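So you can see what is in the structure, the chains are spelled out below.
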Amino acid sequence: MAPPRKLHIKSYGCQMNVYDAQRMVDVLTPEGFVETASVDDADLVILNTCHIREKASEKVYSELGRLRQARDEAAQNGRKMQIAVAGCVAQAEGEEIVRRAPVVDVVVGPQSYHHLPQLLARADAQGRALETEFPVEDKFGFLPQPAPATIRARGISAFVTVQEGCDKFCTFCVVPYTRGAEVSRPVGAIIADVERLADNGVREITLIGQNVNAYHGDGPDGHAWTLGRLLQRLAAVPGIVRLRYSTSHPNDVDDDLIAAHRDLAALMPFVHLPVQSGSDRILAAMNRKHSAADYRRVIDRFRAVQPQIAFSSDFIVGFPGETEVDFAATLALVTQIGYAGAYSFKYSPRPGTPAADMQDMVPAAVMDERLERLQQLIDRQQSAFNKAAIGQTVDVLFERAGRKPGQIVGRTAYLQPAHVFPGPGMAPDALVGQVLPVRIDSLERYSLLGELAATPPQHARPLAATGA
Ligand code: SAM
Ligand code: SF4
């Protein structure tokens, strides 16, 4: 039997890329590949790239420069290293990648990962292979399922893609061009994925999609199901204790989703709802198709059914034409909503998007200064949110043993890391996958520190029973 070939994947960007990297591993495992953490001993290196901002996509070329050296060293030792570029830069720049970096063997767009084995073989035979079409077949039907041992090794929390692509065409964004039109997976396929994950120890599912709440997959009843309805069904899968979804668009928040937050204990009260700007003028120029007041109303609908709910968001500062008055409206919106956290970015013109042709660019120094002010405000809100947990007893889903001996790490409903020492007689590993109440004593940077608030339930195996 041939020795396994070693695969190293480096992912940039969003959760979708993290998930896609796992699916590429699943495609290549039956081909005899095993993952390696090091580039130097890899037979195949895949850069799973992000094109959302210029900085992200330029990183690929500097990384390819470093990979050329690693590949030369491998060749000197008589070993062949193949290099593939996947993800959204592959989709957007295709041939350009090979022109700028001839070291690349395979360029593969996000819709074609199921063709990776053929593309690698073609590159072997012909020197290079490129596929950035949107194939007619649904890749999900062709992507192999991970083995039970692989699912277990990946931990108790998993992403499941339910929707891909976007039809919104915000004027700054490349996603509709790199990921294509909105497509929803059928309900039955998603339930099967989630059941399989749950059977193999997964307790928390995050449904992902570029525009996840535009989900409208075919249901078993022949009708299109909404995200809310899908969540309702998935909450009934035995073993699943937490459900999340990301990323949502304010205009696609419908009554079913609000009802899901009212009715489902498993649906976490933490929603990522990007707004981008608080200025109606800028929101219109961004083609967001909602005003700041519309966004506030959506937030109020969530809060009306779920008082514990908290929000995070994305913001862009320095969109073309953004004045100090527009920016002040963003700060006012942030102040009014009060976020548990948020991402904020300087506007980056992306080739081929409408905003890239807009005049009235905001000077770099002004962008820097606005970003700094916005981030300070968000940081203050995030610290206040985290500090508010001190003295409270909160549910923590335990994920893994901590770095310190005897410590266990989990997350709260709001994804705050929580560190606990369960004490003698309780093996940290035995708590993995359980939701237990934790009394929070203190805060260390972004992590909460606390202790178990109640005796763990019967099914938490004590130290003696594990033999540990
Ligand atoms: N679909 C989601 C939405 O509607 O907000 C997220 C898409 S994108 C992967 C994540 C974030 O990147 C966006 O919310 C936006 O804040 C930011 N972003 C997208 N294009 C950008 C650009 N050209 N410059 C700066 N930030 C950008
Ligand atoms: Fe990009 Fe707008 Fe679609 Fe989000 S909704 S992926 S920001 S085009």
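About the criteria used
Residues numbered from 1 in each chain as written. Chains lettered and ligands numbered in written order. Predicted model: local features only at pLDDT ≥ 70, side-chain atom pairs only at ≥ 80, totals over all residues. Heavy atoms only, no water. Helix = DSSP H or I, 4+ residues; strand = E, 2+ residues; numbered from the N terminus. Rg over C-alpha atoms; globule rule 2.2 N^0.38 Å. Buried < 20%, exposed > 50% of the residue type's maximum accessible area, 1.4 Å probe, protein only. Contact = heavy atoms within 4.5 Å. Areas by Shrake-Rupley, 256 points an atom, 1.4 Å probe, with all protein chains shown as cover. Lys, Arg positive; Asp, Glu negative; His and termini not counted. Charge placed at Lys NZ, Arg CZ, Asp CG, Glu CD. Near = heavy atom within 4 Å. Polar contact = N/O pair within 3.5 Å; in protein donor to acceptor, adjacent residues only side chain to side chain. Nonpolar A, V, L, I, M, F, W, Y, C, P; charged D, E, K, R; others polar. UniProt positions renumbered as here; feature names shortened; annotations may be inferred. Salt bridge = Lys/Arg side-chain N within 4 Å of Asp/Glu carboxyl O. Axes fitted to C-alpha atoms, helices over the stretch in contact; angles between N-to-C directions. Left-handed = near helix turned anticlockwise from the far one by under 90°. Pairing = 2+ DSSP bridges.

Trainee: Break down the overall build of the protein for me, with residues and values.
Mentor: Of regular secondary structure, the protein possesses 16 helices and 19 strands. Here the C-alpha radius of gyration of the protein, 23 Å, is about what a compact globule of 468 residues would show, namely 23 Å. Counting only C-alpha atoms and orienting by the principal axes, one finds that the protein spans roughly 65 × 60 × 50 Å. Put simply, the protein has 468 residues, and 53% of those count as buried. Considering only intrachain contacts with a sequence separation of at least 6, the fraction spanning at least 24 residues in the protein is 72%. A total accessible area of about 20800 Å² is found for the protein, and carbon and sulfur atoms account for 53% of it. Side chains of the protein carry 49 positive and 54 negative charges; the gap between the two charge centres is 4 Å.

Trainee: Lay out the site of ligand 1 with the relevant residues and their values.
Mentor: Within the structure, ligand 1 sits among 15 residues, and Phe172, Gln210, Gln276, Asp314 and Ser348 are positioned closest to it. At a separation of 2.7 Å, an oxygen atom of ligand 1 approaches a polar side-chain atom of Gln276. In the environment of ligand 1, a nitrogen atom lies 2.8 Å from a nitrogen or oxygen atom belonging to the backbone of Ser348. For ligand 1, whose free accessible area comes to 560 Å², the fraction covered by protein is 89%. Sorting the residues of the shell around ligand 1 by element identifies β13 (310–317) and β14 (341–346) as the ones contributing at least two each. Of the residues belonging to the shell around ligand 1, the class tally is 6 nonpolar, 4 polar and 5 charged.

Trainee: Describe in detail the UniProt feature "binding site: [4Fe-4S] cluster 2" (unreviewed entry) in the protein, supporting the description with residues and values.
Mentor: Listed under "binding site: [4Fe-4S] cluster 2" (unreviewed entry) in the UniProt record, and renumbered for this structure, are Cys166, Cys170 and Cys173. Structurally, the position occupied by Cys166 is in the loop between β8 (163–164) and α7 (175–178). Using a relative accessible area of 10% as the deciding quantity, one classes Cys166 as buried. Filtering out sequence-adjacent residues up to four positions away, Cys166 remains in contact with Val175, Pro176, Gly180, Ala181, Glu182 and Asn211. Tracing the chain through its elements places Cys170 in the loop between β8 and α7.

Trainee: Outline the pattern of salt bridges, listing residues and values.
Mentor: Evaluation of the coordinates by the stated rule reveals 27 salt bridges. Between Arg179 and Asp20 there is a salt bridge, and its shortest N-O distance comes to 2.9 Å. Of the two residues, Arg179 sits in the loop between α7 and β9 (183–184) while Asp20 sits in helix α1 (residues 15–28), which places them 159 residues apart along the sequence. Of the residues examined, Arg179 reaches a relative accessible area of 2% and is grouped as buried. Between Arg99 and Glu96 there is a salt bridge, with its nearest N and O atoms 3.1 Å apart. Of the two residues, Arg99 and Glu96 are both situated in helix α4 (residues 95–100); the distance of 3 residues between them amounts to about one turn of the helix. With relative accessibility at 60%, the residue Arg99 sits in the exposed group. Looking at Glu96, the relative accessible area reads 30%, which means it is partly exposed. A network of salt bridges, in which partner residues are shared, links Glu322, Glu324, Glu369, Arg370 and Arg373.

Trainee: Can you lay out the packing of helix α10 (residues 255–263) against helix α12 (residues 292–305) for me, pointing to particular residues and giving the numbers?
Mentor: Orientation of α10 relative to α12, taken along the N-to-C sense of each, is 35°, at an axis distance of 8 Å. In the packing of α10 onto α12, the handedness of the crossing is right-handed. Between α10 and α12, the residues in contact are Asp255, Leu257, Ile258, His261 and Arg262 and Arg301, Phe302 and Val305, respectively. For the contact of α10 with α12, the per-class residue count stands at 4 nonpolar, 1 polar and 3 charged.

Trainee: Which residues make up the packing of helix α8 (residues 187–199) against helix α9 (residues 227–234), and what are the values?
Mentor: In the contact formed by α8 and α9, the axes pass within 11 Å of each other and the chain directions differ by 35°. The way α8 lies across α9 gives a crossing that is right-handed. Residues Val187, Ile190, Ile191, Val194 and Glu195 of α8 form the contact with α9, whose own contacting residues are Leu230, Arg233 and Leu234. For the contact of α8 with α9, the residue count by class is 6 nonpolar, no polar and 2 charged.

Trainee: Please provide a residue-by-residue account of the sheet that holds strand β10 (residues 204–208), values included.
Mentor: Spatial strand order, β7-β10-β11: 3 strands in an open sheet with parallel pairing. Lying at the two open borders of the sheet, with one neighbouring strand each, are β7 (157–161) and β11 (242–246). For this sheet the average axis-to-axis angle between neighbouring strands, irrespective of direction, equals 25°. As paired strands, β7 and β10 are joined by 5 bridges and run parallel to one another. Bridged to Ala158 within β10 is Ile205. The sheet contacts of α8 involve β7 and β10, and relative to β7 the element is tilted by about 165°.

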